[in-house]
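A look at the structure
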Amino acid sequence: MNKKDVIAFFDKLAPSWDAEMIRSEETVARILNIAGITQGVRVLDVACGTGVLIPDYLQRGAAQVTGVDISAGMIEQAKRKFDDPRVSLLCADIETVQLEQPFDRCVLYNAFPHFPDPERLLSALAGALVQGGRLTVAHGMSREKINAHHTGSARPVSLGLMEAQELAALFDRYFAVDAVVSDERMYAVSGVKR
């Protein structure tokens, strides 16, 4: 899997992304609770796509949301939806972009299998957080459903979703993990930067 293929895949899907979105409000609320999205936090939304979680962050009182996605098509769709001084959107590679400031929370929602080097990604995300900041990697479906879904057209741009305990072990270098969920409704691993 290479990043150019990932960009092309998501650029093609961007115009219809929101219409195809399957979402459980209960699951999203649970993920945001795990992620510690509360009043006044600065949120880095990694692989933000069209900004599907941005309204949720703002509703919970986030002071600032920065969405970063490698797909120009996804960022273009997001920019059409958000005209709010609290929201910044960047088309960039999160592993190499220079961010202006560290964040309190970092959320990677429904995108983890599309990063070719999970360890390099976690290192970059740790660097984007303040000391004591929280990283949450989550999916609004079970691991089994995500992996089944990614056997279709997404197969060339997905590594598949690893076991939650395996991801928690990767987190351990940078984060004190305090939430590991992998059930029939969702997947989440979250921890606080050491």
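For the structure, see preceding data.
Figured I'd write up the structure that's included with this text.

What counts, and at which threshold
- Residues numbered from 1 in each chain as written.
- Predicted model: local features only at pLDDT ≥ 70, side-chain atom pairs only at ≥ 80, totals over all residues.
- Heavy atoms only, no water.
- Pairing = 2+ DSSP bridges.
- Helix = DSSP H or I, 4+ residues; strand = E, 2+ residues; numbered from the N terminus.
- Phe/Tyr/Trp six-rings, centres within 6.5 Å; stacked < 30°, edge-to-face > 60°.
- Buried < 20%, exposed > 50% of the residue type's maximum accessible area, 1.4 Å probe, protein only.
- Core = buried A, V, L, I, M, F, W, Y, C linked by side-chain atoms within 4.5 Å.
- Contact = heavy atoms within 4.5 Å.

As for the pairing of strand β6 (residues 175-182)
Relative to strand β7 (residues 187-193), β6 is paired through seven bridges, and the arrangement is antiparallel. Paired with V181 across the strands is A188, a residue of β7. Connecting β6 to the antiparallel partner β7 that follows it, the hairpin turn spans four residues.

A look at the packing of aromatic side chains
Summed over the entire model, instances satisfying the criterion amount to four aromatic pairs. A centroid spacing of 5.8 Å and a plane angle of 70 degrees characterise the contact between F10 and W17, whose relative ring orientation is edge-to-face. For F10, a relative accessible area of 12% corresponds to the buried category. Note on F171 and F175: the rings are 5.3 Å apart at their centroids and 50 degrees apart in plane angle, and the pair reads as tilted. Take F171: its relative accessible area is 0%, and that puts it in the buried class.

Some details on the nonpolar core
The biggest cluster of nonpolar side chains holds 30 residues, and the ones touching the most others in it are L135 and L167. For this core, the elements supplying multiple residues, two or more each, are β1 (42-46), β4 (103-109), α6 (118-127), β5 (129-139), α8 (164-171) and β7. Ignoring sequence-local partners within four residues, the contact set of L135 consists of C106, L122, L125, L129, F171, F175, V189, S190 and G191. One finds L32, A62, V107 and Y109 within the second-largest nonpolar core, a separate group that totals 28 residues.

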